[in-house]
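Read off the chains here:
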Amino acid sequence: MSESTRTTDQLTFDNPVSRHPDITPPKQDPPMPGSDAELEPQTDRGQTSYRGTGRLEGRKALITGGDSGIGGAVAIAFAREGADVAINYLPAEEEDASTIAGLVEAEGRTCVRIPGDITDAAFCKELVDRAVEGLGGLDALVINAGKQVATASIEDITDEQFDQTVKTNVYAMFWTVRAAVPHLPAGSTIVMSSSVQAYAPSDDLLDYAMTKAAMNTFSKGLAKQLAPKGIRVNAVAPGPIWTPLQVVEGQPKEDLPTFGKGQPIGRAGQPVELAPAYVFLTSPESSYVMGETLNVNGGADSP
Ligand code: NAD
Ligand code: MG
């Protein structure tokens, strides 16, 4: 169902197999960092369907990669659940960011836009400071920005690619969390975007899969360290979700038409299907859930 025709919301009882279309994306090769505006077919980020139920009333959330894909869906959902949000993205992603900001502001919530490159340690610190200033505090952090470049042979993974992938997915996580922790009051939450790749690595995603395992393990250790302070840390591990990251460099081009079809559910996921997992782990209702990885993957094996 396209976003314009969908009249139900995430709480509607229906068949998950047919809730979203079984897409067959054409080959496409947009420039880095990719954009939802140009993605074919378009994704469902919950623009017309996500219904808030007051679960994040008054919260102040920073979402990295909040312009598009999963992060965009999380920003929309958080705003409809009552949170103000700050979103970080690359300067080239202003178009997607303004779409998300418009949807957040349509809910009467604040959207603080903070473009910048998180592979720079100083910027990660500045990002947190600007989010705290713009939101008047911080009590929810979603570490979601990520880099994924499919490469068939280890011999073709350049030092530059390895460095960028690890910097974006691991170093930036560390720099941003370290800067944020002193600002987080008891009750705050941190949610990481890990991946099914953390424990079922594809042969052409060696560097990426390794970083997602690191994120998973970091979140479990950090959860123990911060539990006594009342700060909860968890992760979400998505399976194949239709987003810009997949078409830029994330998959071999010839694999795009069959993307996600190998899952038991038979189709790729849509970003809106991830949003409730982030809402649950950020909402006080998950008060006894810590160090968990919530798998949202259409039926693939998980530990
Ligand atoms: P996406 O392209 O919409 O989001 C990734 C975002 O990362 C970009 O929008 C960009 O803003 C941000 N980013 C990348 N490099 C950056 C940098 N140097 N500085 C600042 N921002 C930067 O794609 P998505 O699939 O929604 O990705 C979100 C997260 O979900 C990623 O961590 C990804 O690894 C993870 N994930 C995605 C899938 C999937 O199938 N799409 C599966 C598992 C995990
Ligand atoms: Mg983007």
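Our structure's up above, just so we're on the same page.
This one's a predicted model, so the numbers in the text were calculated from it and none came from an experiment.

Caption draft 1: A look at the nonpolar core. Core analysis: the largest hydrophobic core is formed by 35 residues, its most contacted members being Leu62, Val177, Ile190 and Met192. Breaking this core down by element, the ones donating at least two residues are β3 (111–115), α4 (121–135), β4 (140–143), α5 (159–180), β5 (189–193), α6 (206–226) and β6 (232–238). In terms of residue count, the dominant contributor to this core is α5 (eight residues). If we ignore the near neighbours within four places in the chain, the residues touching Val177 are Leu141, Ile143, Ile190, Met192, Phe218 and Leu222. The next biggest cluster of nonpolar side chains, apart from the first, holds 34 residues, and it includes Ile63, Val74, Ala101 and Ile241.

Caption draft 2: Fine view of the coordination of the magnesium ion (ligand 2). The coordination sphere of the magnesium ion (ligand 2), as far as protein atoms go, consists of Asp67 (OD), Ser68 (OG) and Glu93 (OE), spread over 2.2 Å. Within one chain, the residues donating to the magnesium ion (ligand 2) are spaced in sequence as D-S-x24-E. Of this pair, Asp67 sits in the loop between β1 (60–64) and α2 (69–80) while Glu93 sits in the loop between β2 (84–89) and α3 (94–106), and the two are 26 residues apart along the sequence. A single burial state applies to Asp67 and to Glu93, both of which are buried.

Caption draft 3: How the structure looks around α6. Here α6 contains 21 residues, and its C-alpha end-to-end distance of 30 Å stays within 8% of the 30 Å for a straight helix at 1.5 Å per residue. Turning to α6, its buried residues number three or more, namely Asp207, Tyr208, Ala209, Thr211, Lys212, Met215, Asn216, Ser219, Leu222, Ala223 and Leu226. Looking at the packing, one finds that the buried side of α6 touches β4, α5, β5, β6 and β7 (293–296).

Caption draft 4: Spotlight on unusual backbone geometry. Omega for the peptide link from Met32 to Pro33 comes to 0°, which places this bond in the cis form. Its place among the elements puts Pro33 in the loop between α1 (16–19) and β1. Of note, the amide linkage connecting Glu40 to Pro41 takes the cis form, showing an omega dihedral of -5°. By secondary structure assignment, the location of Pro41 is in the loop between α1 and β1.

Caption draft 5: Quick peek at the packing of α5 against α6. As a packed pair, α5 and α6 sit with axes 9 Å apart at the nearest point and diverge in direction by 15°. In terms of their interaxial angle, α5 and α6 are classed as roughly parallel. In this structure, α5 meets α6 at a crossing whose hand is right-handed. Between α5 and α6, the contacting residues are Gln161, Phe162, Thr165, Val166, Asn169, Val170, Met173, Phe174 and Val177 on the first element and Asp207, Tyr208, Met210, Thr211, Lys212, Ala214, Met215, Phe218 and Leu222 on the second. Grouping the constituent residues of the contact of α5 with α6 by class yields 12 nonpolar, four polar and two charged.

Caption draft 6: Here's a closer look at the pattern of salt bridges. Under the counting rule described, the total for this entry stands at 15 salt bridges. A salt bridge links Asp29 to Lys253, with the shortest nitrogen-to-oxygen separation between them at 3.4 Å. Here Lys253 lies in the loop between α7 (244–250) and α8 (275–282) and Asp29 lies in the loop between α1 and β1, a separation of 224 residues in the sequence. Accessibility expressed as a relative area gives 62% for Asp29, which makes it exposed. For Lys253, a relative accessible area of 22% puts it in the partly exposed group. In this structure, Glu94 and Arg113 form a salt bridge, with 3.1 Å as the shortest nitrogen-oxygen distance. Here Arg113 lies in strand β3 and Glu94 lies in helix α3, a separation of 19 residues in the sequence. Judged by relative accessible area, which is 31%, Glu94 ranks as partly exposed.

Caption draft 7: The arrangement of the packing of aromatic side chains in detail. Throughout the structure, instances matching the rule amount to two aromatic pairs. Between Tyr171 and Trp175 the ring centres are 5.4 Å apart and the planes differ by 65°, which places this aromatic pair in the edge-to-face class. Of this pair, Tyr171 and Trp175 both sit in helix α5, four residues apart, roughly one helical turn. On the accessibility criterion, Tyr171 (41% relative accessible area) is partly exposed. Residue classification places Trp175 among the buried positions, given a relative accessible area of 14%.

Thresholds, definitions, all that
Residues numbered from 1 in each chain as written. Chains lettered and ligands numbered in written order. Predicted model: local features only at pLDDT ≥ 70, side-chain atom pairs only at ≥ 80, totals over all residues. Heavy atoms only, no water. Core = buried A, V, L, I, M, F, W, Y, C linked by side-chain atoms within 4.5 Å. Buried < 20%, exposed > 50% of the residue type's maximum accessible area, 1.4 Å probe, protein only. Helix = DSSP H or I, 4+ residues; strand = E, 2+ residues; numbered from the N terminus. Contact = heavy atoms within 4.5 Å. Donors = N, O, S within 2.8 Å, 3.2 Å for Na, K, Ca; no water. Expected span 1.5 Å × (residues − 1). Axes fitted to C-alpha atoms, helices over the stretch in contact; angles between N-to-C directions. Parallel < 35°, antiparallel > 145°, perpendicular 65-115°, else oblique. Left-handed = near helix turned anticlockwise from the far one by under 90°. Nonpolar A, V, L, I, M, F, W, Y, C, P; charged D, E, K, R; others polar. Salt bridge = Lys/Arg side-chain N within 4 Å of Asp/Glu carboxyl O. Phe/Tyr/Trp six-rings, centres within 6.5 Å; stacked < 30°, edge-to-face > 60°.

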